[in-house]
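Coordinates in review
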Amino acid sequence: YTQIAGYLRAKLEAGDWGLGERLPPIDKLAEQFGVAPLTMRESLAVLEEEGLIIRKRGVGTFVCGTPREQRWLSIPTDWASFVSALDQLEVNRTILEHSDQTPPLLPEDGIPCPSYTFMKRIHARHGKPFCVLNVYLSSEVFMRAPKRFRENVILPEMNSLPGLNIAKARQSLRVDVADVELAELLDIPLAGPIVKVRRVVTDDGGAVIYFADVAYRSDVVSLEMDLSPR
């Protein structure tokens, strides 16, 4: 039902149904998606809770709102734009911080640092969480400005540190579903769609000075790339 709710939300976002327009009957929608009417009702209940539709007994289901600021978070594909975009965000809260974990690095990621400071964070906008981060920052880098790293978004602070040479920064994205913990932290249904990002930053010596595993709400993220032939 969460997948169907996501599909219907996307149709509302695209303007396929306008404000005040009546949706097809539940039986027809259930037949279209190949699910039971009960499952269809659960999908519509998600949208009703979000204030997008209203169900009137004996009359039908009507569009009463539009998705709020959908896809407001664009993930740039170059370093300068990426750091600038992150610099506009604010840390909502840090759930956990300690220094007894090492990042799950692959051989091609780079050379592990002797130790890391681990932080689990939630970022929010207008009081609503939109991403959860598991960040591993080189302890040597962390100790250069611990207060700044604790209070601010990490990568812009790293980028401004004198004497720190960032040689490579790579990230990969994939679509996934929320487990119990992420569903609770991001305020989305269990198994709701999320965008997972794996981010690795190395210095000019090949050491991995920053590693992050990030989970975004899928309804806030967009990724645009220029594919124009050169």
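Residues numbered from 1 in each chain as written. Predicted model: local features only at pLDDT ≥ 70, side-chain atom pairs only at ≥ 80, totals over all residues. Heavy atoms only, no water.

1. Re helix α2 (residues 26-33)
Quick reminder of the rule: Using a 1.4 Å probe on the protein chains alone, a residue whose accessible area is under 20% of its type maximum counts as buried, one over 50% counts as exposed, and one in between counts as partly exposed. Under the DSSP-based scheme used, a helix requires at least four consecutive residues in state H or I and a strand at least two consecutive residues in state E, with every element numbered from the N terminus. Here the arc refers to the directions that run from the helix axis out to each C-beta atom. In what follows, residue pairs with any heavy atoms lying within 4.5 Å of each other are defined as contacts.
Of all the residues in α2, the buried ones are I26, L29 and A30. Considered in projection along α2, the buried side chains sweep an arc of 100° and stay on one side of the axis. Facing away from the buried side of α2 by over 90 degrees, the exposed positions are D27, K28, E31 and Q32. In this fold, the buried residues of α2 make contact with α3 (37-49).

2. Topic: the confidence of the model for the chain
For the record, the criterion: A score between 0 and 100, pLDDT records how confident the predictor is in each residue.
This prediction gives the chain a mean pLDDT of 89; 97% of its residues lie at or above 70. Element-level mean pLDDT values for the chain span from 82 in strand β3 (residues 73-74) up to 97 in strand β5 (residues 111-112).

3. Some details on the packing of α2 against α3
The description of two helices packed together rests on the angle between their axes and the distance between the axes. Condition: Interaxial angles span 0 to 180 degrees and are taken between N-to-C directions of axes, which are lines fitted to C-alpha atoms, for helices over the stretch in contact. Oblique is the label for any angle not under 35 degrees, not over 145, and not in the 65 to 115 range, which are roughly parallel, roughly antiparallel and roughly perpendicular in turn. Residues are grouped as follows: Ala, Val, Leu, Ile, Met, Phe, Trp, Tyr, Cys and Pro are nonpolar; Asp, Glu, Lys and Arg are charged; every other residue, Gly included, is polar.
The contact between α2 and α3 brings their axes to 9 Å, and the two run at 105°. Considered as vectors, α2 and α3 are oriented roughly perpendicular to each other. Contact residues: I26, D27, L29, A30 and F33 in α2; P37, M40, R41 and L44 in α3. Class assignment of the residues belonging to the contact of α2 with α3 gives a composition of seven nonpolar, no polar and two charged.

4. Details of the pairing of strand β6 (residues 116-125)
The line we're drawing: In this scheme, strands are said to pair when DSSP sees at least two bridges between them.
Extensive coverage of β6 is indicated by the burial of nine of its ten residues. Looking at chain direction, strand β4 (residues 91-98) and β6 are connected through six bridges and run antiparallel. By the bridge assignment, T94 is partnered in β6 with R121. Two strands pair when backbone bridges link them, and β6 and strand β7 (residues 128-138) are joined in this way by ten bridges, in the antiparallel orientation. Bridged to M119 within β7 is V135. Counting the residues in the hairpin turn of β6 and β7 gives two residues, including H126, whose phi is positive at 55°.

5. Overview of the layout of surface pockets
The condition that has to hold: Only protein atoms enter the 1 Å grid used here, on which a cavity is any set of points holding a 1.4 Å probe that cannot leave and a pocket is any open set flanked by protein within 12 Å on both sides along at least five of seven lines; residues with an atom within 4 Å of a point are listed as lining. Grid points are joined across faces, edges and corners, and a volume is the space filled by probe spheres set on the points.
Looking at the second largest pocket, its volume works out to about 180 Å³. Lining the second largest pocket are P76, T77, D78, W79, F82, A169, R170, Q171, L173, R199 and L223. With four residues, strand β8 (residues 166-177) is the largest single contributor of residues to the lining of the second largest pocket. For the lining of the second largest pocket, the class distribution of residues is six nonpolar, two polar and three charged.

6. Points about the nonpolar core
What counts is decided by this rule: Take the buried Ala, Val, Leu, Ile, Met, Phe, Trp, Tyr and Cys residues and link them wherever side-chain atoms come within 4.5 Å; each set so joined is a nonpolar core.
Residues L137, V141, F149, I154, M158, Y210 and Y216 are the most contacted members of the largest nonpolar core, which totals 39 residues. If you list the elements that add at least two residues to this core, you get α4 (79-86), β6, β7, α5 (139-142), α7 (154-160), β9 (193-203) and β10 (207-217). No other element matches the eight residues that β10 contributes to this core. Listed in part, the 16 residues of the second largest apolar core include L12, L29, L44 and L52.

7. Details of the packing of aromatic side chains
We describe a pair of aromatic rings using the distance from one ring centre to the other and the angle between the two ring planes. Basically, it comes down to this: Pairing of aromatic rings covers Phe, Tyr and the six-membered ring of Trp, with a centre-to-centre limit of 6.5 Å; geometry is then stacked below 30 degrees between planes, edge-to-face above 60, and tilted otherwise. When the NZ atom of lysine or the CZ atom of arginine is within 6 Å of a ring's centre and also within 35 degrees of its normal, the charge is said to sit over that ring.
Inspection of every chain in the model, using the stated rule, returns four aromatic pairs. Geometrically, the ring pair formed by Y7 and F33 is edge-to-face, given 5.4 Å between the ring centres and 80° between the ring planes. In this pair, Y7 sits in helix α1 (residues 2-13) while F33 sits in helix α2, placing the two residues 26 residues apart along the sequence. Each residue in the set F118, Y136 and F211 is aromatic and connected to the rest through ring pairs, giving one cluster. Between the NZ or CZ atom of K56 and the centre of the ring of F62, over which it lies, the distance is 5.4 Å.

8. Let's talk about unusual backbone geometry
Its identity is not glycine, yet D187 carries a phi of approximately 60°, on the positive side. Looking at the element boundaries, D187 is found in the loop between α8 (180-186) and β9.

9. Let's talk about the pattern of salt bridges
Our working rule: The rule for a salt bridge is simple: a side-chain nitrogen of Lys or Arg has to be within 4 Å of a carboxyl oxygen of Asp or Glu.
For the structure on display, the rule yields 13 salt bridges. Where D16 meets K11, a salt bridge forms, and the shortest distance between an N and an O atom there is 3.1 Å. For D16, a relative accessible area of 42% translates into the label partly exposed. Residues E48 and R55 are paired through a salt bridge, measuring 2.9 Å at the closest nitrogen-oxygen approach. Relative accessible area serves as the criterion here: at 29%, E48 is assigned to the partly exposed category. Here R55 falls in the partly exposed class, since its relative accessible area comes to 31%. Three or more residues joined by partner-sharing salt bridges are found here, namely D109, R170 and R198.

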